[in-house]
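Fold and contact review
Chain by chain, the residues:
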Amino acid sequence: VLSHNLCTVLNVPHDPVALEEHFRDDDEGPVSNQGYMPYLNKFILEKVQGNFDKVEFNRMCWTLCAKKNLSKSPLLISDEDAFKVWVIFNFLSEDKYPLIIVPEEIEYLLKKLTEAMGAGWQQEQFDHYKIALNTSREGLSAWELIDLIGSGQFSKGMDRQTVSMAINEVFNELILDVLKQGYMLKKGHKRKNWTERWFVLKPNIISYYVSEDLKDKKGDIILDGNCCVEALPDKDGKKCLFLIKCLDKSFEISASDKKKKQEWIQAIQTTVNLLRAGSPPPHKEARQKRKELRQKLLAEQEELERQMKELQTANENKQKELETVRKQLEAAAARAAEEEKKRLQTQVELQDRFSLELEREKMVRQKMEEQVAQKSSELEQYLQRVRELEEMYKQLQEALEDEKQARQDEETVRKLQARLLEEESAKRAELEKWHLQQQQTIQMTEAEKQELENQRMIKEQALQVAMQQLEQLELERKEALEQYEEVKKKLETAANNTKSWKDKVAHHEGLIRLIEPGSKNPHLITNWGPAAFTEAELEQRQKSWKGKKATSE
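Everything numeric in this text was worked out from a predicted model, so none of it was measured.

This part is about helix 8 (residues 142–150). Counting along an α-helix, one turn takes 3.6 residues, and residues three or four places apart therefore face a common direction. With respect to burial, helix 8 is a largely interior element, seven of its nine residues being buried. Turning to helix 8, its buried residues number three or more, namely Ala142, Trp143, Leu145, Ile146, Leu148, Ile149 and Gly150. Of the residues trailing helix 8, Gly152 is marked for its positive phi of about 75°.

What follows concerns unusual backbone geometry. Phi is positive for Asn11, close to 60°, though the residue is something other than glycine. Within the chain, Cys240 stands out as a residue other than glycine whose phi angle is a positive 55°. With respect to the secondary-structure elements, Cys240 resides in the loop between strand 5 (228–232) and strand 6 (241–245). You can call Cys240 buried: its relative accessible area is 9%.

This part is about the UniProt feature "domain: PH" (unreviewed entry) in the chain. Here the UniProt-annotated "domain: PH" (unreviewed entry) positions come out as residues 177–273. Helix and strand shares over residues 177–273 are 16% and 44% respectively, and the end C-alpha atoms of the span are 16 Å apart.

With that settled, the discussion passes to the packing of aromatic side chains. The final tally for this structure, using the stated rule, is nine aromatic pairs. For the ring pair Trp62 and Phe83, a centre distance of 6.0 Å and an interplane angle of 65° mean the geometry is edge-to-face. Within this pair, whereas Trp62 is found in helix 4 (residues 54–69), its partner Phe83 is found in helix 5 (residues 79–92), the two being separated by 21 residues in sequence. Side by side, Trp62 and Phe83 carry an identical accessibility label, which is buried. Considering the side-chain rings of Trp121 and Phe126, the 5.6 Å spacing of their centres and the 45° angle between planes classify their relative orientation as tilted. A residue is classified by how much of its surface remains accessible, and Phe126, at 1% relative accessible area, is buried. A network of ring pairs unites the aromatic residues Trp62, Phe83, Trp86 and Trp143 as a single cluster. The ring of Tyr108 carries the charged tip of Arg290 above its face, separated from the ring centre by 3.7 Å.

Counted under the stated rule, the structure contains 22 salt bridges. The closest approach of N and O atoms between Lys217 and Asp220, which form a salt bridge, is 3.0 Å. The exposure class of Asp220 is partly exposed, given its relative accessible area of 31%. One salt-bridge network, held together by shared partners, links Lys187, Lys235 and Glu252.

The subject of this paragraph is the sheet that holds strand 5. On the basis of which strands lie adjacent, the open sheet formed by seven strands has the order 4-3-2-1-7-6-5 and antiparallel pairing. Edge positions in the sheet fall to strand 4 (217–222) and strand 5, since each of these pairs with one other strand and no more. For this sheet the average axis-to-axis angle between neighbouring strands, irrespective of direction, equals 35°. Pairing analysis gives five bridges linking strand 5 to strand 6, with the strands arranged antiparallel. Pairing of Cys228 across the sheet is with Lys245, part of strand 6.

According to the domain assignment, the chain consists of domain 1 (53–156), domain 2 (180–279) and domain 3 (386–427). Each of domain 1 and domain 3 has a C-alpha centre, and the two are 128 Å apart.

Quick look at the side chain of Thr114 now. Structurally, Thr114 is set in helix 6 (residues 103–117). Residue Thr114 is classed as buried on the basis of its relative accessible area of 4%. Sequence-distant contacts of Thr114, defined by excluding residues within four places in its chain, comprise Ala119, Gly120, Trp121 and Phe154.

In this fold, Ser211 is placed in the loop between strand 3 (205–209) and strand 4. Counting along the chain gives 79 residues from Ser211 to Ala132, while the straight-line C-alpha distance between them is 45 Å. Look past the residues within four positions of Ser211 in its chain and what remains in contact with it is Tyr183 and Trp198. In this structure the side chain of Ser211 is engaged in a polar contact, spanning 2.6 Å, whose partner is the side chain of Asp213.

Attention now moves to the environment of Ile88. When you line up the elements, Ile88 lands in helix 5. Judged by relative accessible area, Ile88 falls into the buried class, the value being 2%. C-alpha of Ile88 to C-alpha of Leu174: the two residues are 86 residues apart in sequence and 7.1 Å apart in space. The residues contacting Ile88, other than those within four sequence positions of it, are Leu109, Ile167, Val170, Phe171, Leu174 and Ile175.

Moving on to the pairing of strand 1 (residues 180–187). Strand direction decides the pairing type here: strand 1 and strand 2 (residues 194–202), joined by eight bridges, are antiparallel. Residue pairing across strands places Lys186 opposite Thr195, the latter belonging to strand 2. Inspection of the sheet shows strand 1 paired to strand 7 (residues 250–254) by two bridges, in the antiparallel sense. Looking across to strand 7, one finds that Lys186 is bridged to Ile253.

This brings us to the nonpolar core. In globular proteins that are soluble, nonpolar side chains generally tend to be buried together. Core analysis: the largest hydrophobic core is formed by 39 residues, its most contacted members being Trp62, Trp86 and Ile146. Residue assignment for this core shows that the elements contributing at least two residues are helix 4, helix 5, helix 6, helix 7 (123–136), helix 8 and helix 9 (160–174). The greatest single-element share of this core, amounting to nine residues, is contributed by helix 5. One finds Ile206, Ile221, Cys246 and Val272 within the second-largest nonpolar core, a separate group that totals 21 residues.

A few words now on the packing of helix 1 (residues 2–9) against helix 3 (residues 36–44). Two numbers describe how helix 1 lies on helix 3: the axes approach to 12 Å, and their chain directions differ by 30°. In terms of orientation, helix 1 and helix 3 fall into the roughly parallel class. Like other packed secondary-structure pairs, helix 1 and helix 3 cross with a definite hand, here right-handed. Residue-level inspection shows Leu2, Ser3, Leu6 and Cys7 of helix 1 in contact with helix 3, the latter providing Tyr36, Tyr39, Leu40 and Ile44. When its residues are assigned to classes, the contact of helix 1 with helix 3 shows seven nonpolar, one polar and no charged.

Scoring rules and cut-offs
Residues numbered from 1 in each chain as written. Predicted model: local features only at pLDDT ≥ 70, side-chain atom pairs only at ≥ 80, totals over all residues. Heavy atoms only, no water. Buried < 20%, exposed > 50% of the residue type's maximum accessible area, 1.4 Å probe, protein only. Helix = DSSP H or I, 4+ residues; strand = E, 2+ residues; numbered from the N terminus. UniProt positions renumbered as here; feature names shortened; annotations may be inferred. Phe/Tyr/Trp six-rings, centres within 6.5 Å; stacked < 30°, edge-to-face > 60°. Lys NZ or Arg CZ within 6 Å of the ring centre and 35° of its normal. Salt bridge = Lys/Arg side-chain N within 4 Å of Asp/Glu carboxyl O. Pairing = 2+ DSSP bridges. Axes fitted to C-alpha atoms, helices over the stretch in contact; angles between N-to-C directions. Domains from an automatic or database assignment. Contact = heavy atoms within 4.5 Å. Polar contact = N/O pair within 3.5 Å; in protein donor to acceptor, adjacent residues only side chain to side chain. Core = buried A, V, L, I, M, F, W, Y, C linked by side-chain atoms within 4.5 Å. Parallel < 35°, antiparallel > 145°, perpendicular 65-115°, else oblique. Left-handed = near helix turned anticlockwise from the far one by under 90°. Nonpolar A, V, L, I, M, F, W, Y, C, P; charged D, E, K, R; others polar.

Written out as structure tokens, the structure is:
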């Protein structure tokens, strides 16, 4: 019966076969151990499309639980009002089981009821109640909330009808999403007559009925983001007019006074704006914000409690550390007193020992000062010796440079002498050739003698010129020889200087080794002095002359 009624209310097709299969009889009784909730979730709730009457569904659930849980004590509200409070509780309760309504939501609901009754809100009275509630538990159950409102604690001085009207108004706003309702005149589309209707504004529709009992519905005005509302001037004897424009129709409506007209225009325009923005109704959005705020405050409170626990733990650890340090200080103070006694006992012994060590240290210090003075003197001598060696090294470098320059000059003179000797050899060869030619000319016939004599005269003149050139070369060779002698003297002087430096270096423990020239081959001595060529070169030239002479003969 329960499953069939649920399927009927929720507009879900009932499947008796699935029900029988799920609840087959077994050894434990007529209901299997799988329980009813899996069946409810799988075969009923998962098939719900949302096109059902939520009020009828809530009324069925109320019928199942009210008789068992509703208080037996007399209340100031009827069973119907208790049902509406129960539905409001389900809307405002927290999303966890068992369901409770927290003090913030209780305050919100009581404020709405007080405002609907036209009474003043007693904040101080609720604060006392909130303090007493927080000390015992986190919130109220649905039945405790019904007892609280039915007891009249926050509606004193109000009759049952006023309280019932307030509950109905809050129920219409929070549960039925009624944003505004009331009587107004509507102009007909066919007859153009004005008829009084009861209008109910919801988030996406305006319904109008014959009366406020909502039994005879006359039509709907579908609202969307393209709708608009605007005020109209008074006409046809009707005042407080405004127009609702939709895509297919427009509706002219007349309010009872200017205040009602402005309230309806503002309410309809707010609804259209919410539809354009895709936002939920104001009361649902406010509930979500309050819930997010509570969650944020709860998270902050939990974080604060965690930090307080950490601080408390850290404080306890610090207390333990301080106690440990105190004990260590006491032990250290006891050890310090014992050590002070020992120190006083050993102080006299240490003073005597220090006196002896001080005298001994003075003696050692005097010896050290003497050794330092001696070492300082030796260091000065060593530094003086190093400076002398550096000076000698500089002078020796200069002498080596002089010797190197003298050797370069000697090499230059030797090359010049070799060039002169080569020229002299060439001239001598030429003279030998001419002499052979003269002898050949003398042996010629007498007829050619005169001509040869003339040629001889010419050659004699050339010979004279060559002799002059030879003499000139001889003079140049002598000058070169003189230059060679000067260079040789310079070289000997440099060698003597080098030898003197060798002696000085050897005298200073041989710290520096001189760079000496290599050995030379013995020079040949000619009529004009030392030759610029070796004995092998001379033999080669003699062979060359003999070969030329044999060829000419």
